[in-house]
Amino acid sequence: MHMLIKNAGIVTNGKLETTDIYIRDGKLERIGKNPEISLTTCNTIDAGGLIVLPGGVDPHVHLHLNTPAGYSADDFRTGSEAALRGGTTTIIDFVTPHKGQSLVDALDERIAEATGSIIDYSFHVSPVEWRTTTAKEIETCIERGFTSFKVYMAYQDSIGLKEDALFKVMQSVAKAGGIVTAHCEMGDAIDNLRNSYFREGKVSPLYHALSRPPETESNAVKKAIELAAKASCPLYIVHVSSAESLQHIRKAQLNNQKVFAETCPHYLVLNESEYQGAFDQTAAFVMSPPLRKKTDNEALWEAIHAKVVQTIGTDHCPFTLSQKSAGRNDFRKIPNGVPGIGHRLNLLYSKGICLRNDFDFDQLVNVFATNPAKIFGIYPQKGAIEVGSDADLVLYNIRIPEQDLPDTSSSQYDTDIYKTIKTKGIPEMVLFRGEVVVDKGIVIHQLKGRLLTRGLFDNKTGCH
Ligand code: URP
Ligand code: ZN
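Residues numbered from 1 in each chain as written. Chains lettered and ligands numbered in written order. Predicted model: local features only at pLDDT ≥ 70, side-chain atom pairs only at ≥ 80, totals over all residues. Heavy atoms only, no water.

(A) Region of the structure containing the overall build of the chain. Within the chain, the regular secondary structure consists of 14 helices and 21 strands. A compact globule built from 464 residues would reach a C-alpha radius of gyration of about 23 Å, and the chain, at 21 Å, matches this within 12%. Along the three orthogonal principal directions, the C-alpha set of the chain runs to about 70 × 50 × 40 Å. Counting only residues that meet the buried cut, the chain has 61% of its 464 residues in that class. When contacts within the chain are restricted to residue pairs at least 6 apart in sequence, long-range pairs at least 24 apart make up 75% of them. Carbon and sulfur atoms form 49% of the exposed surface of the chain, whose accessible area is close to 17,600 Å². Of the charged side chains in the chain, 50 are positive and 55 negative, and the gap between their average positions amounts to 2 Å. (Helix = DSSP H or I, 4+ residues; strand = E, 2+ residues; numbered from the N terminus. Rg over C-alpha atoms; globule rule 2.2 N^0.38 Å. Buried < 20%, exposed > 50% of the residue type's maximum accessible area, 1.4 Å probe, protein only. Contact = heavy atoms within 4.5 Å. Areas by Shrake-Rupley, 256 points an atom, 1.4 Å probe, with all protein chains shown as cover. Lys, Arg positive; Asp, Glu negative; His and termini not counted. Charge placed at Lys NZ, Arg CZ, Asp CG, Glu CD.)

The following block contains the structure:
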């Protein structure tokens with residue numbers, strides 16, 4: 001299977017250049033103007049006027065997540081379709097064992113659940129307790145190519161880890177050559193606040209946000225950074241939402257500690273005003289950490305520019321309003337999570353490139369694809385337009401004027417938090433393994449996603 005993309009606008013060394021890309025057998029084989037290819041033997045796409053980016057790598061999604069309110073409203077089939085329509089061709093989801101279950105058994109179960117994916121996928125593995133066998137299980141996961149481990153400091157009544165267990169996980173992961181990713185929120189402090197608001201009859205979604213103030217995040221960020229330094233473990237902090245957290249992260253990076261940060265589109269473009277109103281309007285915005293102030297939005301954009309934040313993950317975890325209604329009379333029972341898997345590129349282009357002087361295509365490619373691929377051991381197979389990389393490409397049409405955010409979802413959830421947002425441009429065409437799978441925003445061809453095994457953490461992966 002051959003394909004030639006002519007006149008592709010790609011970002012090279014920080015500059016947009018027009019070139020041709022020749023694809024063979026699912027890989028990028030030649031990049032350069034006028035490659036000597038017989039046009040009669042291959043399909044040609046004229047990408048004149050389109051920006052060609054590497055297929056997105058979303059390092060943080062929760063598809064088919066089991067919760068007390070039922071499964072999250074996208075499974076691997078529907079979620080991967082939304083991702084693809086939005087220009088994302090690789091996702092990293094999570095393995096969350098139940099207590100007493102080995103990480104390796106849970107990994108095998110999770111792999112079986114993901115077979116419906118139409119894009120490539122991998123998993124971070126979550127130790128939810130420390131057992132005598134955990135260190136060995138971590139080693140086995142790493143030997144099998146699952147090299148990142150997610151720990152939760154929140155959710156102490158279920159999957160959260162106490163400090164001693166967290167430290168042991170970090171030591172074991174560091175020894176085996178992996179990286180720890182951390183959900184940084186002080187679980188005990190939050191639980192106290194949640195319970196006292198509830199006792200006072202304060203039960204609406206607003207109190208979800210008020211019971212998770214920024215210091216409960218930044219104190220956890222500080223603690224995780226200290227533990228990771230002591231354990232000599234690379235650390236990746238997921239869904240950073242607040243300016244205070246960024247200060248700790250910046251300080252650690254300046255000390256040359258291997259600390260990476262992710263934020264999510266919702267923390268860049270939405271704010272705490274979404275919690276004012278009735279349950280049906282506000283419950284959709286219940287996620288952890290909660291939305292913050294406009295000053296935090298701005299601090300996060302600045303931190304992307306300063307390369308303090310390296311990636312944008314969506315933390316895609318949608319629930320229907322009917323599922324959110326489990327907490328109609330008790331915000332503590334509202335399932336946490338919001339959609340976003342298909343909107344990342346569109347939002348970054350429209351709210352970043354079109355509106356800000358400090359965010360360009362180079363940064364967009366880095367946070368959308370290259371950096372997550374590097375940090376999680378799949379670069380340059382993914383996240384790159386380089387000879388030998390997988391031919392996963394997005395052709396973004398910047399000529400589409402402002403319109404409602406395109407609906408990428410094939411699921412039935414009625415809680416899209418971005419529905420009032422207007423965006424510019426669309427991911428017009430997506431190639432996956434060298435085949436056109438999305439045309440004019442519609443999936444026209446489906447391939448089977450592959451399970452990606454990943455390399456060890458590369459200590460040369462920089463923060464700056
Ligand atoms: O609110 C969130 N983030 N939901 C997904 C699960 C998690 O905490 O990451
Ligand atoms: Zn998450």
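(B) Here's a closer look at the site of ligand 1. In the neighbourhood of ligand 1, the contacting residues comprise H60, H62, Y155, H183, H239, M287, S288, D315, C317, N336 and G337. A distance of 3.2 Å is found between an oxygen atom of ligand 1 and a side-chain nitrogen or oxygen belonging to H62. Contact between ligand 1 and S288: an oxygen atom at 2.8 Å from a main-chain N or O atom of the residue. Starting from 260 Å² of accessible surface for ligand 1 in isolation, the protein chains cover 95%. A per-class count over the shell around ligand 1 returns 3 nonpolar, 7 polar and 1 charged. (Near = heavy atom within 4 Å. Polar contact = N/O pair within 3.5 Å; in protein donor to acceptor, adjacent residues only side chain to side chain. Nonpolar A, V, L, I, M, F, W, Y, C, P; charged D, E, K, R; others polar.)

(C) Broad picture of the nonpolar core. Core analysis: the largest hydrophobic core is formed by 107 residues, its most contacted members being F123, M170, L235, I237, I249 and L364. For this core, the leading source of residues is helix α7 (residues 214-231), giving 7 residues. Shared between two domains, this core holds at least three residues of each, these being domain 1 (2-53 + 384-443) and domain 2 (55-375). Apart from the residues within four sequence positions on either side, I249 is in contact with V221, I225, I237, V240, V259, A261 and V308. The next biggest cluster of nonpolar side chains, apart from the first, holds 18 residues, and it includes I10, I21, I385 and V436. (Core = buried A, V, L, I, M, F, W, Y, C linked by side-chain atoms within 4.5 Å. Domains from an automatic or database assignment.)

(D) Representation of the coordination of the zinc ion (ligand 2). At this site the zinc ion (ligand 2) is bound by H60 (NE2), H62 (NE2) and D315 (OD), with donor distances of 1.9 to 2.2 Å. Here the zinc ion (ligand 2) is ringed by 4 donor atoms whose angles at the metal span 85 to 146 degrees, and the overall shape comes out irregular. Mapped onto the sequence, the residues coordinating the zinc ion (ligand 2) show the spacing H-x1-H-x252-D. Of this pair, H62 sits in the loop between β6 (56-58) and β7 (66-67) while D315 sits in the loop between β15 (311-312) and α12 (321-324), placing them 253 residues apart in sequence. A residue is classified by how much of its surface remains accessible, and H62, at 8% relative accessible area, is buried. (Donors = N, O, S within 2.8 Å, 3.2 Å for Na, K, Ca; no water. Tetrahedral: all angles 85-135°; square planar, octahedral: opposite > 155°, others 65-115°.)

(E) Geometry of the domain arrangement of the chain. Split into domains, the chain comes out as domain 1 (2-53 + 384-443) and domain 2 (55-375). If you look at the interface, domain 1 gives 40 residues, while domain 2 gives 44 residues. Of the roughly 3,600 Å² buried between domain 1 and domain 2, counting both surfaces, carbon and sulfur atoms make up 64%. Considering only the surface of domain 1 that becomes buried against domain 2, T408, I417 and Y418 emerge as the three largest contributors, covering 20% of it. (Buried area = accessible area lost by both parts, 1.4 Å probe.)

(F) Representation of the packing of aromatic side chains. Applying the stated criterion across every chain, the model contains 10 aromatic pairs. Aromatic pair Y121 and F123: ring centres 6.1 Å apart, planes at 70 degrees, arrangement edge-to-face. Measuring from ring centre to ring centre gives 5.9 Å for Y152 and Y155, while their planes differ by 45 degrees; the resulting arrangement is tilted. Within the aromatic cluster, the residues linked to one another by ring pairs are F76, Y121 and F123. Positioned above the aromatic ring of F198, the side-chain terminus of R332 is 3.8 Å from the ring centre. Above the ring of Y379, the side-chain terminus of K374 is found at 4.9 Å from the ring centroid. (Phe/Tyr/Trp six-rings, centres within 6.5 Å; stacked < 30°, edge-to-face > 60°. Lys NZ or Arg CZ within 6 Å of the ring centre and 35° of its normal.)

(G) Quick look at unusual backbone geometry. S288 connects to P289 through a cis peptide bond whose omega is -10 degrees. Positioned with a positive phi, N7 is a non-glycine residue whose angle comes to about 60 degrees. Relative to the helices and strands, N7 is located in strand β1 (residues 2-12).

(H) Up close: the side chain of K324. Note that K324 resides in helix α12. Here K324 occupies a buried position and makes no salt bridge, while the nearest side chain of opposite charge, D414, is found at 9.6 Å. Sequence-distant contacts of K324, defined by excluding residues within four places in its chain, comprise F279, A283, A284, V286, F319, I334, P335, N336 and G337. (Salt bridge = Lys/Arg side-chain N within 4 Å of Asp/Glu carboxyl O.)

(I) Focus on the state of the cysteines. One pass over the structure, following the stated rule, counts 0 disulfides. Among the cysteines around C233, which has no disulfide bond, C184 carries the closest sulfur, lying 12 Å off. A relative accessible area of 3% means that C233 is categorised as buried. (Disulfide = S-S within 2.5 Å.)

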